[in-house]
There are 2 protein chains.
Amino acid sequence: MLGNFSYKNATKLYFGDDSLKYLNEELKQYGKNVQLIYGGGSIKKNGIYDSVVEILKANGKNIVEDGGVMPNPTLEKLYEGAKIAKENHVDFILAVGGGSVCDYAKAVAVSAHCDEDPWDKYYIRFEEPSCEIIPVGCVLTMAGTGSEMNGGAVITNHKAKLKVGHVFGEEVMPKFSILNPKFTMSLPKKQMIAGIYDIFSHICEQYFSGEDDNTSDYLAEALMKSVIHSSLIAIDNSQDYEARSNIMWSATWALNTLISMGKTTDWMVHMLGHSVGAYTDAIHGMSLAAVSIPYYRYIMPYGLKKFVRFAKEVWGVNPDGKSDEETANEGLSKMEEWMKKLGVTMKISELGVTEEMIEKIADGTMILNGGYKQLTRDEIIAILKESL
Amino acid sequence: MLGNFSYKNATKLYFGDDSLKYLNEELKQYGKNVQLIYGGGSIKKNGIYDSVVEILKANGKNIVEDGGVMPNPTLEKLYEGAKIAKENHVDFILAVGGGSVCDYAKAVAVSAHCDEDPWDKYYIRFEEPSCEIIPVGCVLTMAGTGSEMNGGAVITNHKAKLKVGHVFGEEVMPKFSILNPKFTMSLPKKQMIAGIYDIFSHICEQYFSGEDDNTSDYLAEALMKSVIHSSLIAIDNSQDYEARSNIMWSATWALNTLISMGKTTDWMVHMLGHSVGAYTDAIHGMSLAAVSIPYYRYIMPYGLKKFVRFAKEVWGVNPDGKSDEETANEGLSKMEEWMKKLGVTMKISELGVTEEMIEKIADGTMILNGGYKQLTRDEIIAILKESL
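This one's a predicted model, so the numbers in the text were calculated from it and none came from an experiment.

Conventions and cut-offs
- Residues numbered from 1 in each chain as written.
- Chains lettered and ligands numbered in written order.
- Predicted model: local features only at pLDDT ≥ 70, side-chain atom pairs only at ≥ 80, totals over all residues.
- Heavy atoms only, no water.
- 1 Å grid on protein atoms, 1.4 Å probe; cavity = no way out; pocket = protein on both sides within 12 Å on 5 of 7 lines; lining within 4 Å.
- Points joined across faces, edges and corners; volume = space filled by probe spheres on them.
- Helix = DSSP H or I, 4+ residues; strand = E, 2+ residues; numbered from the N terminus.
- Nonpolar A, V, L, I, M, F, W, Y, C, P; charged D, E, K, R; others polar.
- UniProt positions renumbered as here; feature names shortened; annotations may be inferred.
- Least-squares fit on C-alpha atoms with pLDDT ≥ 70 in both.
- Salt bridge = Lys/Arg side-chain N within 4 Å of Asp/Glu carboxyl O.
- Buried < 20%, exposed > 50% of the residue type's maximum accessible area, 1.4 Å probe, protein only.
- Polar contact = N/O pair within 3.5 Å; in protein donor to acceptor, adjacent residues only side chain to side chain.
- Contact = heavy atoms within 4.5 Å.
- Pairing = 2+ DSSP bridges.
- Axes fitted to C-alpha atoms, helices over the stretch in contact; angles between N-to-C directions.
- Expected span 1.5 Å × (residues − 1).
- Arc of directions from axis to C-beta.

1. Topic: empty space enclosed by the protein
- For the structure shown, the criterion picks out 1 cavity of 30 Å³ or more.
- A volume near 70 Å³ is recorded for the largest cavity.
- For the largest cavity, the full set of lining residues is Tyr218, Glu221, Ala222 and Lys225 of chain A together with Tyr218, Glu221, Ala222, Lys225 and Glu313 of chain B.
- At the level of elements, helix H8 (215-236) of chain A together with helix H8 (215-236) of chain B are the ones that each hand at least two residues to the lining of the largest cavity.
- Looking at the lining of the largest cavity residue by residue, the class counts come to 4 nonpolar, no polar and 5 charged.

Shown next as structure tokens:
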């Protein structure tokens, strides 16, 4: 049954190999001072930075530079970005990069004019912004987080060893996002692989909760099948536009709330992955991958019906002559096989986690409701150990 | 491959058995004079009219009545509604009903302040509105057209024997829509059946075009499977909330442009159905149903790959030991079987079409591109005759 909900997503998307040109139209709607946010500088090598700067200049904008956003944006960097925005009277934030850059841009947007510590307000108390919010636009250069069409902004606090996500409301979501699948073609293979697994995990985490046969579950299966179909092609040949375009579009719809409408969700893989990430600074998608199979094998008996459906619908497992457990396990084995082919990290030990860290990672793992089984600390430890 | 496109859909949706209460919040954003648009009066019998009026009065609105919208809203009615809106200085239009009522409301919204004949401007020249547009909100009482989250507005011109749809832009789309699956429970069975087939046809018409394995096709299959799964349950028991909620939600996503993004579409079933409708005033979904199987059987050889995929993915046809044609035909036979179980009209003769009307209906059928085979007049006649 679809539970009660409301839905609105007003982000405008420009999709395709010519989509950057629409930046001209969009910029006209915003003020002169533009904070240009980007990551480690790959956009300077592949020419995207130059193209964007040219469009900004042609539209008479003052560019306020804010580069160097790291894969897991830190609280220190957020303080710095908010200060830049405030001091330069920034009217508009343009994020050029992947999910981390988009997430960070949204966090800056709600922090620049915030009169208290944004960590306390947004990441401890999870309050909504009460200050002026700077509008954000995105030029996406990788596929994965779905940050281009949602209100999510994950920030890592290294001092507290916490990586926390806040999903902000409509007014913080990007006003527009430019999605050019070609921009993903110059990504390092490892990043693309991690992005693909991040997408898949987003879908799983909304799917593996509840037992109803609702429209959202059908849509989730469709996105999974599309990602599985395109993933190996996209990794095998970075220039395959068809595969890259399907991956990019699936990523957006995997985490813009659509497939969670009217149902419960289970974000425990992200909670485990975030805690691993806070201790290792691992690539986000890889930390999710390394905990997924142990987690799903553990909770499978508690949500057997859904895991059987997953096996049949997503992986084409033939259930004839098999027990439900066997069918469900075969589905997870097929998923594991695909993950290995894709090339994700299957063990947290490969991400730098040692046996001594396990208890602390467990303590740093936020325990959420919504899954087929609410985990205890001991169960979290057991799952993490499975991945050593 | 996903072609280039842009996407934005800012309609806010309130979904669930308590969703009408959100009308209070929304009304606060609009002016005092509200044109209340509804159909033949069933909302007066089932209590929805009273509930809506109570909310309008509680919010201090002046109600301008505009009831009696017919299943295929006519141009005469549109002139009448536009006059009502203009003379009463209407600030906001509230449509309470199904797709026809929502379509008509949007047409009134762009016609009230239009300084020329709206038929000529919107339905012959397909121009965009250049006048003030009155904002529209919907309270949906049946599932089918998707009008609650798109810019479509179909109007029938009886004098010209034409039923024409214009898909307006973002500014004409409903600002909000209230979707309460319970409101569909008092619908006559025949209307619910027709609505379900309308949904299915929307999905098919976006799916059966192009040969690519893209994300939009996977999403289309998901919606089809969800509709098929819930349809017979919903018809068998009008009080089954789960089935009714899935049908209602699938309807919205079947025609809000998502599943057509980046691909071509083929709206010939609607074109044929519209022309049948202009001659018979048949229920929209039934006129689509009556032409579908003859049309798809005819074009199948030209789009064989997609019809094979349809058979396997949507209907679970096992292709082992069969030719592609056999697999594709088995898929269409399963669809036909489902349609009969659902109880749709399978023959245009049952809708009142006689052999003498065929040529005129063919002449009134707009021939569109996008399908696997562009039809000639003779082919249209042959397809229509198959349905006699």
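2. Digging into the UniProt feature "domain: Alcohol dehydrogenase iron-type/glycerol dehydrogenase GldA" (unreviewed entry) in chain A
- Mapped onto the present numbering, the UniProt feature "domain: Alcohol dehydrogenase iron-type/glycerol dehydrogenase GldA" (unreviewed entry) falls on residues 11-181 of chain A.
- What you have in residues 11-181 of chain A is 31% helix and 25% strand, and the ends, taken at the C-alpha atoms, are 18 Å apart.

3. Here we look at the relation of the copies chain A and chain B
- Mapping chain A onto chain B calls for a rotation angle of 180 degrees and an axial translation of 0.0 Å; the resulting RMSD is 0.0 Å. With respect to symmetry, the two chain copies, as superposed, fit the operation of a two-fold axis. For chain A, the minimum C-alpha distance to the rotation axis belongs to Ala10 of chain A and amounts to 2.2 Å.

4. As for the pattern of salt bridges
- This model, assessed by the stated rule, comprises 38 salt bridges over all chains.
- Arg377 of chain A is the partner of Glu359 of chain A in a salt bridge, and the nearest nitrogen-oxygen pair spans 3.0 Å. With Glu359 of chain A in helix H14 (residues 358-363) and Arg377 of chain A in helix H15 (residues 377-386), this residue pair connects regions lying 18 residues apart in the sequence.
- You can call Glu359 of chain A partly exposed: its relative accessible area is 45%.
- By relative accessible area, Arg377 of chain A is classed as partly exposed at 35%.
- We note a salt bridge from Glu80 of chain B to Lys77 of chain B, for which the minimum N-O separation is 3.3 Å. Here the residue Glu80 of chain B and the residue Lys77 of chain B both occupy positions in helix H4 (residues 75-87), the gap between them amounting to 3 residues, near one helical turn.
- Connected through shared salt-bridge partners, Glu116, Lys121, Arg125 and Glu127 of chain A make up one network.

5. Some remarks on the side chain of Glu379 of chain A
Residues and elements named next belong to chain A.
- Structurally, Glu379 is set in helix H15.
- A residue is classified by how much of its surface remains accessible, and Glu379, at 12% relative accessible area, is buried.
- Side-chain polar atoms of Glu379 contact the side chain of Lys373, separated by 3.2 Å.
- Once residues within four sequence positions are removed from consideration, Glu379 is found in contact with Tyr298, Lys373 and Gln374.

6. A look at the pairing of strand S6 (residues 152-157) of chain A
Residues and elements named next belong to chain A.
- In terms of burial, S6 is largely enclosed, as 5 of its 6 residues are buried.
- Relative to strand S7 (residues 162-167), S6 runs antiparallel, the two sharing 6 bridges. Bridge pairing links Ala153 to His166 in S7.

7. Quick look at the sheet that holds strand S3 (residues 62-66) of chain A
- Overall, mixed pairing links the 12 strands, which are arranged S3(A)-S2(A)-S4(A)-S5(A)-S8(A)-S1(A)-S1(B)-S8(B)-S5(B)-S4(B)-S2(B)-S3(B) in an open sheet. At either margin of the open sheet sits one strand with a lone partner, and together these are S3 of chain A together with strand S3 (62-66) of chain B. Ignoring which end each strand starts from, the neighbouring axes of this sheet average 25 degrees apart.
- As paired elements, strand S5 (residues 136-140) of chain A and strand S8 (residues 176-179) of chain A share 4 bridges and run parallel to each other.

8. So, the side chain of Ser201 of chain B
All names here are of chain B.
- Checked against the element boundaries, Ser201 lands in helix H7 (residues 189-207).
- Ser201 gets classed as buried once you look at its relative accessible area, which sits at 1%.
- In contact with Ser201, other than residues within four places in its own chain, are Val269, His270 and Leu288.

9. As for the environment of Pro135 of chain B
- As for its placement among the helices and strands, Pro135 of chain B is situated in the loop between helix H6 (118-124) and strand S5 (136-140).
- With residues near it in sequence (within four places) discarded, Pro135 of chain B still touches Tyr30, Asp91, Phe92, Ile93 and Lys175 of chain B.

10. Examining the pairing of strand S1 (residues 5-15) of chain B
- By the bridge criterion, 7 bridges tie strand S1 (residues 5-15) of chain A to S1 of chain B in an arrangement that is antiparallel. Considered in S1 of chain B, the bridge of Leu13 of chain A is made with Tyr7 of chain B.
- Note: S1 of chain B against strand S8 (residues 176-179) of chain B, 4 bridges, orientation parallel. Directly across from Leu13 of chain B, in S8 of chain B, lies its bridge partner Ser177 of chain B.

11. Structural notes on helix H13 (residues 324-342) of chain B
Residue and element names in this part refer to chain B.
- If you check H13, its first and last C-alpha atoms are 27 Å apart, about what 19 residues at 1.5 Å a residue would give, namely 27 Å.
- Buried residues of H13: Thr327, Ala328, Gly331, Leu332, Met335, Trp338, Met339 and Leu342, and no others. Looking straight down H13, one finds its buried side chains confined to an arc of 135 degrees; they lie on one side. Set apart from the buried face of H13 by more than 90 degrees, the exposed residues are Lys340 and Lys341.
- The elements touched by buried residues of H13 are H7, H8, helix H11 (284-299) and helix H12 (304-315).
- Looking one or two residues past H13, Gly343 carries a phi angle of roughly 100 degrees, positive in sign.

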